[in-house]
Amino acid sequence: MKRLTEFVAGSRELADPAFSQAVVTWQKQHGRHTLPWQNTRDAYRVWLSEIMLQQTTVAAVLSYYERFLARFPTVRDLAAAPSEDVMALWAGLGYYTRARNLHACAKRVVAEYGGEFPSDPVLLAGLPGIGRSTAAAIAAFSYGTRAAILDGNVKRVFARVFGVEGYPGEKKVEDALWLRAEALLPGDDGIEAYTQGLMDLGATLCTRSSPACERCPLAERCIARATGRTDELPVRKPKKAQPEKSAVLFVVLDGGDVLLEQRPESGIWGGLQSLPEMDGHVALDHDSITRSDGDIAVAAGARFGAVEEVSALLPLVHVFTHYKLHILPYVVRLAQRGEAPAGHQWWPLARIDEAGLPSPVRKLLASLAKPSLF
DNA sequence: GTCCGGTGTC
DNA sequence: GACACCGGAC
């Protein structure tokens, strides 16, 4: 179990009563007050909304929330429901682990807490689907518990106002943000308006792009605003260089036919046909392949018949979401075709559109029709 | 197309 | 600490 100090710690140097006061005052005047899960202290409703609002916008949640509540008015109703019903009602919201955790959580609240959500954020955070931030939000809205939230919106507000450098996904940066979140909590009063105010600021004014600083109650104390860096804070996730891989592909030709190979069901281009590869592996480390060894290509081509001529084509690059693939194509013209190896078949070039090929392979074969390019 | 995100898991 | 989850914002 997490230690209590983790939730109530903070730092005197970071304390600033005027901060929470500004947020609370703004929330009462300009914040959101009429969302369906507001104006209630029913922890079940608060919890349901907070889980739905993880990774999901208010607009998307509204109709789902109403339907859930209509079908499952209390946590006992939800706990007693078949999981298929819960999943069916969640369908379309995404992140289906949330739905499974939601159901499991409802069952535990009934079994372990008599159907009443605990008011202690530490206990709440021990329930499935409820982390530190969500626990604090539920406790604050349902029970007025003085606890700090730190979701993506709040991270953005803090990073900008206080000029917090570094990517918030990094542990030391996140720890620093939690320290501020704890230190900036209001005193004994106003935790609900303060918590809601931080959420509202992040969602409506302090947006990722084009923040409405002119309407922000924190503008005069905002470091990002003062230094013109709202578009640089919070620091974006560093994107790691995408790996580069290579594949030697053979365009094995016999008259008007090309040899195709069925790819495995899983992995890239799963279930499609493609061109035969060297070693039967696409995606070798880019550095491990050079184009210098046409001999290998000749030898590899011999797998398919009597080789008449081998020529290298210009390499092409295909970009996937997670890596860059350099395709090194060789044309292998056969004097006489051998028996097609298992998983291979000869295909008339004239009907190549019907073969079900990945687009870079399709382009490669199409380019053969324009020899002027080579 | 790219970026983003609470929690759970590895 | 890295990643998966999945849909929305841009």
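So, a few notes on the structure that sits alongside this text. (Residues numbered from 1 in each chain as written. Chains lettered and ligands numbered in written order. Predicted model: local features only at pLDDT ≥ 70, side-chain atom pairs only at ≥ 80, totals over all residues. Heavy atoms only, no water.)

**Examining the protein's contact with DNA strand B**
Argument step 1. Around DNA strand B, the structure places 18 residues, and the nearest of them are Tyr95, Gly129, Gly131, Thr134 and Gly152.
Argument step 2. Here, DNA strand B places atoms within 4 Å of the protein, and 59% of those atoms are sugar or phosphate.
Argument step 3. A distance of 2.5 Å separates a phosphate oxygen of DNA strand B from a polar atom in the side chain of Thr134.
Argument step 4. In terms of residues, the surface near DNA strand B owes the most to one element, helix α9 (residues 132–143), which gives three residues.
Argument step 5. For the surface near DNA strand B, the class distribution of residues is four nonpolar, eight polar and six charged. (Near = heavy atom within 4 Å. Polar contact = N/O pair within 3.5 Å; in protein donor to acceptor, adjacent residues only side chain to side chain. Helix = DSSP H or I, 4+ residues; strand = E, 2+ residues; numbered from the N terminus. Nonpolar A, V, L, I, M, F, W, Y, C, P; charged D, E, K, R; others polar.)

**Some details on the protein's contact with DNA strand C**
Argument step 1. Residues in contact with DNA strand C, as listed here, are Thr57, Gly92, Leu93, Gly94, Tyr95, Tyr96, Lys171 and Lys240.
Argument step 2. In the model, a base nitrogen of DNA strand C is placed 3.1 Å from a nitrogen or oxygen of the Tyr95 side chain.
Argument step 3. Tyr96 is positioned such that a nitrogen or oxygen atom in its side chain is 2.9 Å from a phosphate oxygen of DNA strand C.

**Quick word on the packing of aromatic side chains**
Argument step 1. Throughout the structure, instances matching the rule amount to eleven aromatic pairs.
Argument step 2. A centroid spacing of 5.9 Å and a plane angle of 65° characterise the contact between Phe158 and Phe162, whose relative ring orientation is edge-to-face. When sorted by exposure, Phe158 lands in the same class as Phe162, which is buried.
Argument step 3. When the centroid spacing of 6.3 Å and the interplanar angle of 45° are considered together, the rings of Phe250 and Tyr330 count as tilted. Here Tyr330 lies in strand β7 (residues 324–337) and Phe250 lies in strand β1 (residues 244–254), a separation of 80 residues in the sequence. Here Phe250 and Tyr330 have matching classes, each one buried.
Argument step 4. Among the aromatic residues, ring-to-ring pairing joins Phe19, Phe158, Phe162 and Tyr194 into one connected group.
Argument step 5. A cation over an aromatic ring shows up here: Arg67 above the ring of Tyr64, its NZ or CZ 4.6 Å from the ring centre. (Phe/Tyr/Trp six-rings, centres within 6.5 Å; stacked < 30°, edge-to-face > 60°. Buried < 20%, exposed > 50% of the residue type's maximum accessible area, 1.4 Å probe, protein only. Lys NZ or Arg CZ within 6 Å of the ring centre and 35° of its normal.)

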